[in-house]
Amino acid sequence: MGATASQLPKDLLSEYQELTFLTKQEILLAHKRFTELVTREGRTSAVTRVPMEKILTLPELKSNPFRKRICHVFSTSELKDGSLTFEDFLDLLSAFSDSATLEIKSHYAFRIFDFDDDGTLDQGDLEKLVNCLTGDTEDTRLTTEEMRQLISNILEESDIDKDGTVNLSEFQHVISRSPDFVSSFKIVL
Amino acid sequence: MSRGWSTHRRGSMEEMPNRPGQNDGGQSNASSTSVEEIYLPPQPVSSRWQQSKASVSSAASLDLTRRYTLDMSTTRLGEQPGEGRTISEYKQHARRSCLLPRSCAVLCNLGLSEPEIETEIENDTAELVWDLVRMPRGMRAQAIRSLAVSFEEKRNIRLRVLEARLPKDSVKRTCCTDCCEQVSLSFHRFWMDVTACRGHLALWHGALKEIGGRFRTAVLTYFRFLKWLLMLNVGLLLLNLSFITVPEIVHMPNTINTTFKGLELLTGTGYFDQSVMFYGGYSGEVIKRGSYHMQLAYLFTMFAYMMLCGISIVYRLGNSVWRNVIAHSPTTFGAWRLLCSWDFSILNEKAIQSFQKKLFVQIKESLSDCTERPEPTPSDRLKRICLRVAVWLLYVGLAFVSCTGVYVLSTYNLQVAVHARGLKSEAFFLLLPMLVSFINLVVPLLCALFSRIEQYHNLRVQMYAALVRDVLLKMSMLGVLCYYWLTDVPSAIPCWESFVGQDVYRMAIADFLFSVLRCVFGEYLCSLIRTKCFKSLRPPEFDITRNVLDLIHAQTLVWIGLYFSPLLPIVQIVKLFILFYMKKVSISLICWPSTRPGHAAEMKTAFVALLFFPSYISSLLIMGYIVWRLKPSAHCGPFQGLDVPMDGVSSWLESTVISPHKLVIQGKLLLLLLSSIILIILCFLWQVVQDRKCVISALREQIVSEGKDKAFLLDKLCGMQAGRPQVRFLDEEVPGVRKPAYKLPQSTPGPRGPRKGRVGPTRSAPELTRGASQPTPADPPPHRSDQAVRADGRSPVSASRAESPRTSAARSPRTSMAGSPGVPRCSRVECWVEDEKPAPPSAPQLAWASAHSPPPRFPRLEPITPRGAGATAPKPGAAPGRKPRPKL
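Keep in mind that what you see is a predicted model, and the values were worked out from it rather than measured.

(A) Region of the structure containing the overall build of chain B. Counting its secondary structure elements, chain B contains 31 helices and seven strands. Buried positions account for 53% of the 888 residues belonging to chain B. By sequence separation, contacts in chain B at least 24 residues apart represent 82% of the contacts at least 6 residues apart. Summed over its atoms, the accessible surface of chain B is roughly 39,300 Å², and 67% of this surface lies on carbon and sulfur atoms.

(B) Spatial organisation of the overall build of chain A. Helix and strand content of chain A: 13 helices and two strands. In chain A, buried positions account for 61% of the 189 residues. Counted over contacts in chain A with a minimum sequence separation of 6, partners at least 24 positions apart contribute 55%. Carbon and sulfur atoms form 52% of the exposed surface of chain A, whose accessible area is close to 7,500 Å².

(C) Structural view of the state of the cysteines. All names here are of chain B. A full pass over the atoms with the stated rule returns one disulfide over all chains. Disulfide pairing is shown between C495 and C636; the S-S distance is 1.8 Å. Every disulfide takes its handedness from the sign of the S-S torsion; for C495 and C636 that torsion is 95°, giving right-handed. Here C495, found in the loop between helix 20 (459-492) and helix 21 (496-533), pairs with C636, found in the loop between helix 24 (600-629) and helix 25 (646-655); they are 141 residues apart in sequence, far enough to count as distant. With a relative accessible area of 18%, C495 lands in the buried category.

(D) Representation of the UniProt feature "domain: EF-hand" (unreviewed entry) in chain A within the structure. UniProt tags residues 101-136 and 146-181 of chain A as "domain: EF-hand" (unreviewed entry). The span residues 146-181 of chain A is 61% helical and 0% strand by assignment, and the distance between its end C-alpha atoms comes to 24 Å.

(E) Quick look at the UniProt feature "transmembrane region" (unreviewed entry) in chain B. All names here are of chain B. With numbering aligned to this structure, UniProt lists the feature "transmembrane region" (unreviewed entry) at residues 225-244, 296-315, 389-408, 428-450, 471-487, 556-582, 606-628 and 669-689. End C-alpha to end C-alpha, residues 389-408 measures 28 Å, and it is 100% helix and 0% strand. Structurally, residues 669-689 comprises 100% helix and 0% strand, and the distance from its first C-alpha atom to its last is 30 Å.

(F) Expanded view of the packing of aromatic side chains. One pass over the full model with this rule turns up 42 aromatic pairs over all chains. Their ring planes at 70° and their centres at 4.8 Å tell us that F185 of chain A and F344 of chain B sit as a pair that is edge-to-face. Here F185 of chain A, found in the segment after helix 13 (181-184), pairs with F344 of chain B, found in the loop between helix 15 (334-339) and helix 16 (349-370), and the two come from separate chains. On the accessibility criterion, F185 of chain A (0% relative accessible area) is buried. Classification of F344 of chain B as buried rests on a relative accessible area of 2%. On the basis of an interplanar angle of 35° and a centroid distance of 5.5 Å, the ring pair of W204 of chain B and F577 of chain B is categorised as tilted. Of this pair, W204 of chain B sits in the loop between helix 10 (175-201) and helix 11 (205-214) while F577 of chain B sits in helix 23 (residues 568-590); the two residues are 373 residues apart in sequence, bridging distant segments of the chain.

(G) The pattern of salt bridges, seen in detail. Within the structure shown, the criterion is met by 19 salt bridges over all chains. In this structure, the salt-bridge partner of D117 of chain A is R69 of chain A, at a minimum N-O distance of 3.4 Å. With D117 of chain A in the loop between helix 9 (102-113) and helix 10 (123-134) and R69 of chain A in helix 7 (residues 67-74), this pair connects stretches of sequence that are 48 residues apart. In this structure D117 of chain A comes out as partly exposed when scored by relative accessible area, which is 37%. Classification of R69 of chain A as buried rests on a relative accessible area of 10%. Residue K474 of chain B is joined to D550 of chain B by a salt bridge in which the shortest nitrogen-to-oxygen separation is 3.4 Å.

(H) Representation of helix 20 of chain B in the model. In this model, helix 20 of chain B (34 residues) spans 49 Å end to end at C-alpha, consistent with the 50 Å of a helix rising 1.5 Å per residue. Along helix 20 of chain B, the sharpest change in direction is near 30° and occurs at W485 of chain B.

(I) Quick peek at the side chain of S619 of chain B. Here S619 of chain B is to be found in helix 24. Apart from residues no more than four positions distant in its own chain, S619 of chain B is found in contact with M306, T556, W559 and I560 of chain B.

(J) Region of the structure containing the environment of W392 of chain B. Residue and element names in this part refer to chain B. Relative to the helices and strands, W392 resides in helix 17 (residues 378-419). C-alpha separation for the pair W392 and R469, spaced 77 residues apart in sequence, amounts to 8.8 Å. Setting aside anything within four residues of it in sequence, one finds W392 in contact with E454, Y456, V468 and R469.

(K) Focus on the nonpolar core. Judged by nonpolar contacts, the single largest core of 113 residues is most densely connected at F225, W485 and Y563 of chain B. Take this core: its biggest share by element is 15 residues, from helix 12 (residues 217-251) of chain B. Beyond its immediate sequence surroundings of up to four residues, Y563 of chain B is in contact with Y279, Y298, M302, E497, M623, I626, V627, F639 and P645 of chain B. Residues L28, L58, L61 and L93 of chain A belong to the second largest nonpolar core, which totals 84 residues.

(L) Seen up close, a nonpolar patch on the surface. Where nonpolar side chains cluster on the molecular surface, the patch consists of L517, V520, F521, Y524, L525, L528, I529 and F534 of chain B and spans about 710 Å² of accessible area. Along the chain, the position of F521 of chain B falls in helix 21.

(M) Spotlight on the confidence of the model for chain A. Residues and elements named next belong to chain A. Chain-level pLDDT for chain A is 81 on average; 93% of the residues reach the 70-or-more range. Within chain A, the lowest mean pLDDT, 48, falls on helix 1 (residues 2-7), and the highest, 89, falls on helix 9. Low pLDDT (under 50) marks residues 1-6, which in the prediction has six contacts with non-local residues, meaning those over four places away or in another chain.

(N) Highlighting helix 12 of chain B. For helix 12 of chain B, built from 35 residues, the straight-helix expectation of 51 Å at 1.5 Å per residue is met to within 8% by its first-to-last C-alpha distance of 49 Å. Of all the bends in helix 12 of chain B, the greatest, near 45°, is centred on L241 of chain B.

(O) Representation of the packing of helix 19 (residues 431-453) of chain B against helix 20 of chain B within the structure. All names here are of chain B. Two numbers describe how helix 19 lies on helix 20: the axes approach to 10 Å, and their chain directions differ by 160°. One element, helix 19, and the other, helix 20, form an angle in the roughly antiparallel class. Crossing of helix 19 over helix 20 shows right-handed handedness. The residues of helix 20 that touch helix 19, namely those facing L432, V436, I439, N440, V443, P444, C447 and S451, are Q462, R469, D470, L473, K474, M477, L481 and Y484. Here the residues of the contact of helix 19 with helix 20 sort into 10 nonpolar, three polar and three charged.

(P) Representation of the confidence of the model for chain B within the structure. Residue and element names in this part refer to chain B. Of the residues in chain B, 61% have a pLDDT of 70 or more, and the chain-wide mean is 68. Predicted confidence for residues 1-110 stays below pLDDT 50, and this span has 365 contacts to residues more than four positions away or in other chains. Note on residues 725-888: pLDDT under 50 across the span, and 516 contacts to partners over four residues away in sequence or across chains.

(Q) Molecular detail of the environment of S63 of chain A. Topologically, S63 of chain A is positioned in the loop between helix 6 (59-62) and helix 7. In contact with S63 of chain A, other than residues within four places in its own chain, are L347, E349 and I352 of chain B.

(R) Representation of the packing of helix 22 (residues 544-561) of chain B against helix 23 of chain B in the model. All names here are of chain B. In the contact formed by helix 22 and helix 23, the axes pass within 9 Å of each other and the chain directions differ by 165°. Judged on the interaxial angle alone, helix 23 and helix 22 are roughly antiparallel. By crossing handedness, the relation of helix 22 to helix 23 is classed as right-handed. Contact residues: N547, L551, A554, Q555, L557, V558 and G561 in helix 22; L568, P569, Q572, K575, L576, L579 and K583 in helix 23. Across the contact of helix 22 with helix 23, the residue classes break down as eight nonpolar, four polar and two charged.

(S) Region of interest: the environment of D81 of chain A. All names here are of chain A. Structurally, D81 can be placed in the loop between helix 7 and strand 2 (84-85). Taking the C-alpha atoms as reference, D81 lies 8.6 Å from C71; in sequence the two are 10 residues apart. Contacts of D81, omitting those with residues within four sequence positions, involve M52 and H72. A polar atom in the side chain of D81 sits 2.9 Å from the side chain of S77.

Rules behind the numbers
- Residues numbered from 1 in each chain as written.
- Chains lettered and ligands numbered in written order.
- Predicted model: local features only at pLDDT ≥ 70, side-chain atom pairs only at ≥ 80, totals over all residues.
- Heavy atoms only, no water.
- Helix = DSSP H or I, 4+ residues; strand = E, 2+ residues; numbered from the N terminus.
- Buried < 20%, exposed > 50% of the residue type's maximum accessible area, 1.4 Å probe, protein only.
- Contact = heavy atoms within 4.5 Å.
- Areas by Shrake-Rupley, 256 points an atom, 1.4 Å probe, with all protein chains shown as cover.
- Disulfide = S-S within 2.5 Å.
- UniProt positions renumbered as here; feature names shortened; annotations may be inferred.
- Phe/Tyr/Trp six-rings, centres within 6.5 Å; stacked < 30°, edge-to-face > 60°.
- Salt bridge = Lys/Arg side-chain N within 4 Å of Asp/Glu carboxyl O.
- Expected span 1.5 Å × (residues − 1).
- Bend = angle between axes of the 7 residues up to and from the residue.
- Core = buried A, V, L, I, M, F, W, Y, C linked by side-chain atoms within 4.5 Å.
- Patch = residues over 30% accessible without salt bridge, like charges linked within 9 Å, V, L, I, M, F, W, Y side chains within 5 Å.
- pLDDT = per-residue confidence, 0-100.
- Axes fitted to C-alpha atoms, helices over the stretch in contact; angles between N-to-C directions.
- Parallel < 35°, antiparallel > 145°, perpendicular 65-115°, else oblique.
- Left-handed = near helix turned anticlockwise from the far one by under 90°.
- Nonpolar A, V, L, I, M, F, W, Y, C, P; charged D, E, K, R; others polar.
- Polar contact = N/O pair within 3.5 Å; in protein donor to acceptor, adjacent residues only side chain to side chain.

Quick look at the structure:
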């Protein structure tokens, strides 16, 4: 850890601490894990970007059905390729950390579930979400009828203004009522 | 920012009339995708429009105070939201506006030019920075941290905030302020270090974190429960030590003649017989020098112990019930609860698959709850009922047999204890605890086997059935034992309290040994056999319910035995400490974490409730019975010579100034007063809750009806738009009334693609609607019942997409920016309908508002005189007053 600590200047570290929900140790660990992903040639460039494929080799994300969405949501890449800088990576860990607020967590959860990036969860998004959750294999796929029923149940429950989609505030309203969410929306390195 | 916005807006509006009017005849411009065009077909400049311009701008600035602005600017950067909110709003809805698609298409859809967008962003950021600057330091840091934007942006905002603070400080910068700043900074750093250290010093901080990171939340629930029990026991042991044990040791150190043989650790007899471990080791004498009354100390410490336990359990239970049961109503959010139950902390691929499967099953279950299940035939139902009754009977039989076995063995035990005392009989005493632990181990396994025969449709019902059986078995056995301890033993054994204490001690030890054995043989060997011999089988699942029930059983034993053995919590502490590491190894290396989704919070509540109801309450009753009813042994313990232990307290009361009669009478009065006050408060709170429920349901209805209003209005608008009258919304502030912001369909290429003033021939058939192909201003305005017609052929979903007033403050930027290309953020809606053609005499009828006396809550539609043709040429950057929104 001493070696990695020397790579992160002290003022940068304190800035990271101030701007994220992570503790010093978590930031140092994240830095260590991140530098392991960076290729040698990448290390020389000013802003190191790790491509999504590399990020997804992390055991914490490897099997997660939402892994690609997570990368896309937290990536600041212009190319929208899901590649992450170290700061994006910190953002990711910060949102998934223990001390992040329900607000932040539900916000990012919404963005992760919003597969088409259009700002509302519509039928298509919900369908994809359910498929992600149930694995989308042959034996765990809902029939069209079941899916329709499920989505109409979901909308019935959460679509307060009856516009056919779930927007962020409706989503957060629902989330605030599901007590397991905060503890399960968590990735620890 | 509002100022910036409104000037900007005004400026662009003025631009509008100069736009080239290539869409004059209502022909669509296929190449352009500007949203603006849909709602602003080219119109001649209208004098009415000119007049209303000023009010539009002012309304716009009013609107801005509601901070709906930056949605637009955020559109571009994709992450520049939150700016322009008031501090409180900001704190509540930190950065909810940044859900923006970062796509170039969005940019294309904007009606604003690049520099204008830049200005907007700049204004918004400035506003945010200003809000932040005004916050106190701690809140500011938290607020910046809670912005849902990328790190880079947070850093920029922070820098700007710091810069903004500097000039202000420099004005009055003195030595003193400098010093203060330095001190507060260093204090802040020190505090950060302290909190970090505290985190590290907390027991099992890292271990719990690791468990939480690698396994499911439900698993973490078990370990948290274990830790909480440990802490409870440690705290209460300290209480016992300081008020009972230490004074006793100081007063008269026990002289123990027997040598330590080793077996005592298991049996608790011999060496420990007269030690402070058990009741017999205490004497009732008053310690002379401090006039310390051991009888009182013993009783009051026990009371305090139980009270503190009760308070901490009730507190935890209340918290848990509040958060997990009351705050969410499972009936309303069933499906969502499942969807939100994905545990991002599961890492194992197989565990994920298993989790997905179980989630699938649960989703199916929740669906089958909603849809009617095919009614089972009577024979099927009879069969099922018989099966269940049989299983329950079998179970009751098993429980009865085990209870009888325990009782028979315990009476035999008593005979041995009366007649012979020696090493052999001591070893024999171990048989009873072994039997109890063995039953506790085996019978639940048998029950689990039986429950496979029962066909429960619902996993939850199955889980709770198993839970109830397990609890019933454990409690009935404890009940039998308590009967034996409190009725049989006192008459047979001279120092019966110590004997019972030793029995409970042996139970606790045996319980511990059996859980170790189960961990080693049941889990480790089983997993070894399963994984080595049958590769297809998974290692055994880490059964959280059973493990927690074991903990509860152990804790109940401690409470029951507390009176007889004040230091019994030591055993429990050691046991819990070792158990933690054992279970951690078990879950990490051997077992398969339980993958039942969506139950962590519910189970947590159930566990604490179980700890409270049968376990704590029954121990409390037993202790009360001992203290008020049972005659203490005559030759040992602190209460020698008393009829019941409680006599110690009453004789002490008599010796003090307060006479017991007075106390009782005053106590009754006080009790009456207190309980009536509590009742009044309860009534009041109940009323408040009922009122709030009413308000909530009324508000809900209001949201829905306003949503309908909006959908209806939008339909009208679109219908009229199709007929090429132009509709304008005038923003108008009505104090105290929050009207919804409106959301109109965006110009999406595709099904609801840009229509841009297309009429008649250019429209596809389904889009043709009444009045659309034939734009007759005199057309009777569609009645409200037309709502379902969806005049422009849009999908109901998009047509009715309307923001609720309640959610509008917190809505996503995406939604708000999608809201109303032509109708931006109308707080109060007034519509002017413009038409190219000279307004016919019947023009007022066009406004359905005047013609058909619409429902009073609907906005009025008024005709607007036509505007100049050049005014509406589609051009990006036009009309900030009607900011185009990116498409959904």
